[in-house]
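# Structural description and commentary
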Amino acid sequence: MAVQIINIVTYIFVLLIFGRCILSFIDHDPGHPAIRFVYDVTEPIMAPFRKIVPMAGPIDISPILALFAVQILGSILAAIVGAL
């Protein structure tokens, strides 16, 4: 049961980060509650990667690194909890 919850939370974070990437390509209202929610939830995950990795021209690769990190951490947590 706990492993399933970890997998679901990981999947939700992946979707939110992916959604944030899509939002960067379209015109949107940053004050809209749904968009504000996406930014508020994903910023703590993406901010450390922005500090480490500089922008590659106009391309921000921090979402890619954040996606990898979220998936790896989710897998590690699921393995640890599953082994208990």
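Located above this text is the structure these notes cover.
A brief structural summary. (Residues numbered from 1 in each chain as written. Predicted model: local features only at pLDDT ≥ 70, side-chain atom pairs only at ≥ 80, totals over all residues. Heavy atoms only, no water.)

## Some thoughts on the overall build of the protein chain
For the protein chain, the count of helices and strands is 3 helices and 0 strands. Going residue by residue from the N terminus, the α and β elements of the protein chain occur as α-α-α. Seen through its principal axes, the protein chain has C-alpha atoms that stretch 45 × 30 × 15 Å. A fraction of 54% describes how many contacts in the protein chain between residues 6 or more apart in sequence connect residues 24 or more apart. In the structure as shown, the protein chain presents an accessible area of about 5900 Å², 76% of it carried by carbon and sulfur atoms. Side chains of the protein chain give 4 positive and 5 negative charges; the mean places of these two sets differ by 8 Å. (Helix = DSSP H or I, 4+ residues; strand = E, 2+ residues; numbered from the N terminus. Contact = heavy atoms within 4.5 Å. Areas by Shrake-Rupley, 256 points an atom, 1.4 Å probe, with all protein chains shown as cover. Lys, Arg positive; Asp, Glu negative; His and termini not counted. Charge placed at Lys NZ, Arg CZ, Asp CG, Glu CD.)

## Re helix α1 (residues 2-23)
In a regular helix each residue adds 1.5 Å, so 22 residues correspond to 32 Å; α1 covers 31 Å between its end C-alpha atoms and thus fits that length. Restricting attention to buried positions, one finds in α1 the residues I6, T10, V14, L16, I17, R20 and L23. Tucked into the core, α1 has its buried residues touching α2 (33-52) and α3 (62-83). (Expected span 1.5 Å × (residues − 1). Buried < 20%, exposed > 50% of the residue type's maximum accessible area, 1.4 Å probe, protein only.)

## Some thoughts on the packing of α2 against α3
Interhelical geometry of α2 versus α3 gives an angle of 120 degrees and a closest axis separation of 9 Å. With respect to α3, the element α2 is oriented oblique. In this structure, α2 meets α3 at a crossing whose hand is right-handed. Counted together, I45, M46, F49 and R50 of α2 and S62, P63, L65, A66, A69 and V70 of α3 form the full contact between these two elements. A breakdown of the residues in the contact of α2 with α3 according to their chemical character gives 8 nonpolar, 1 polar and 1 charged. (Axes fitted to C-alpha atoms, helices over the stretch in contact; angles between N-to-C directions. Parallel < 35°, antiparallel > 145°, perpendicular 65-115°, else oblique. Left-handed = near helix turned anticlockwise from the far one by under 90°. Nonpolar A, V, L, I, M, F, W, Y, C, P; charged D, E, K, R; others polar.)

## Looking at the side chain of S62
You can see S62 is positioned in helix α3. Among the residues examined, S62 registers a relative accessible area of 1% and is labelled buried. Within the structure, the side chain of S62 is placed 2.8 Å from the side chain of D60, a separation counted as a polar contact. Residues in contact with S62, not counting those within four places in the same chain, are M46, F49 and R50. (Polar contact = N/O pair within 3.5 Å; in protein donor to acceptor, adjacent residues only side chain to side chain.)

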